[in-house]
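In case you want the letters, here they are:
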Amino acid sequence: SLAAYGINQWNSPSSQRKLEVVRQEIEMKHHYLSQKIKEETLLTKSNEIASSAADQPDTQVALQAARRAVERAKEDLNETRRAYTHEISKATFQVLPDKDSPTQRPMTTTALELQYQGFKIVEVLISHDSAYLPEHNDVVRGFRWLWRSRGRHYRLLH
């Protein structure tokens, strides 16, 4: 996953479109739920009016069907909202590491910012002490490792 290298693949137009489709689906299901609630309300009122009439069992059956339809619509809407929340969490790097590599964690924006601050600290140290890098081989080794890393390569490409 590119998220492991600090690349937010959800900024692409196709990913944004995917999120928009899910948002539209939520709106559509919310509208459908509103219609079912209105139908249930109308049936409840007609059931109250026709409580003395002979066709009450038919009205009761229709009212129960309307209540079931409202419950199904609510469940469907909640499921779609959960799916949207999941997509948003993936889009903001709040994802779990891959199952294939349990030691690899996603490179978050915070981690990239801390890495950048580390570079700036070393830059300040070098500006005040020109012998800093030759005296600190571990820092040079770390820079080389970061320079050659797959994550840097992917970030340059994306």
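Since this is a predicted model, take the numbers as computed values, not measurements. Every chain begins its residue count from 1, and numbering advances along the sequence as written. The model is predicted, so local features are restricted to residues of pLDDT at least 70 and side-chain atom pairs to those at 80 or more, both for listing and for counting; the totals for chains, interfaces and linings are taken over all residues. Each side-chain value is worked out from all heavy atoms of the structure, with water and hydrogens disregarded.

Caption draft 1: Examining the nonpolar core more closely. Residue types Ala, Val, Leu, Ile, Met, Phe, Trp, Tyr and Cys, when buried and joined through side-chain atoms within 4.5 Å, form a set referred to as a nonpolar core. Classification of residues uses two cut-offs on accessible area relative to the type maximum, computed with a 1.4 Å probe and protein chains only: under 20% is buried, over 50% is exposed, and between them is partly exposed. Of all hydrophobic cores here, the largest spans 8 residues; its members are L19, V22, I26, L33, V70, A73, L77 and Y84. For helices the rule is a DSSP run of H or I covering at least 4 residues; for strands it is a run of E covering at least 2, with both sets numbered from the N terminus onward. Of all elements in the fold, only helix 1 (13-49) and helix 2 (56-91) reach the threshold of two or more residues within this core. Throughout, a residue-residue contact means that at least one pair of heavy atoms, one from each residue, lies within 4.5 Å. What V70 contacts, discounting residues up to four positions off in sequence, is L33, K36, I37 and E40.

Caption draft 2: Quick look at the side chain of K29. Within the secondary structure layout, K29 lies in helix 1. Excluding its chain neighbours within four sequence positions, the residues that come into contact with K29 are D76, L77 and T80.

Caption draft 3: Spatial organisation of helix 1. With 37 residues, helix 1 extends 54 Å from end C-alpha to end C-alpha; this agrees with the ideal 54 Å at 1.5 Å per step. By the burial criterion, the buried members of helix 1 are S15, L19, V22, I26, K29, L33, K36, E40 and N47. Between the first and last residue of a helix there are one fewer steps than residues, each counted as 1.5 Å, and that sum is the expected span.

Caption draft 4: Representation of the packing of helix 3 (residues 109-128) against helix 5 (residues 137-148) within the structure. Convention adopted: a line fitted to C-alpha atoms gives each axis, helices being fitted over their contacting stretch, and angles between N-to-C directions are expressed from 0 to 180 degrees. In contact at an axis separation of 13 Å, helix 3 and helix 5 are set at 140° when each is read in the N-to-C sense. In terms of axis orientation, helix 3 runs oblique to helix 5. The hand of the helix 3/helix 5 crossing is left-handed. For the pair helix 3 and helix 5, contact is made by Q115, F119 and V122 and by V139, F143 and L146, respectively. As a working rule, the residues Ala, Val, Leu, Ile, Met, Phe, Trp, Tyr, Cys and Pro are called nonpolar, Asp, Glu, Lys and Arg charged, and the rest polar, with Gly in that last group. Tallied by class, the residues present in the contact of helix 3 with helix 5 amount to 5 nonpolar, 1 polar and no charged. Orientation is classified from the angle alone, with under 35 degrees giving roughly parallel, over 145 giving roughly antiparallel, 65 to 115 giving roughly perpendicular, and any other angle giving oblique. Left-handed describes a crossing whose near helix is turned anticlockwise from the far helix by less than a right angle; the clockwise case is right-handed.

Caption draft 5: Just the pattern of salt bridges, in detail. Every case where a carboxyl oxygen of Asp or Glu lies within 4 Å of a side-chain nitrogen of Lys or Arg is listed as a salt bridge. Throughout the structure, instances matching the rule amount to 7 salt bridges. In this structure, E20 engages R23 in a salt bridge whose closest nitrogen and oxygen atoms are separated by 2.7 Å. Of this pair, E20 and R23 both sit in helix 1, 3 residues apart, which is roughly one turn of the helix. Taking the relative accessible area as the measure of exposure, E20 reaches 28% and is therefore partly exposed. Taking the relative accessible area as the measure of exposure, R23 reaches 30% and is therefore partly exposed. If you follow the salt bridges from partner to partner, you end up with E25, K29 and D76 in one network.

Caption draft 6: Region of the structure containing the packing of aromatic side chains. Between rings of Phe, Tyr and Trp, where Trp is taken as its six-membered ring, a pair exists when centres lie within 6.5 Å; planes separated by under 30 degrees are stacked, by over 60 edge-to-face, and by other angles tilted. In total, this model carries 1 aromatic pair according to the counting rule given. By definition, being over a ring means that NZ of Lys or CZ of Arg is both within 6 Å of the ring centre and within 35 degrees of the ring normal. Above the ring of W147, the side-chain terminus of R152 is found at 3.5 Å from the ring centroid.

Caption draft 7: Geometry of the environment of I26. Here I26 is to be found in helix 1. I26 gets classed as buried once you look at its relative accessible area, which sits at 15%. The residues touching I26, leaving out its near neighbours within four places in the chain, are L77, T80, R81 and Y84.

The quantities given are spatial measurements derived from coordinates; they are silent on function.
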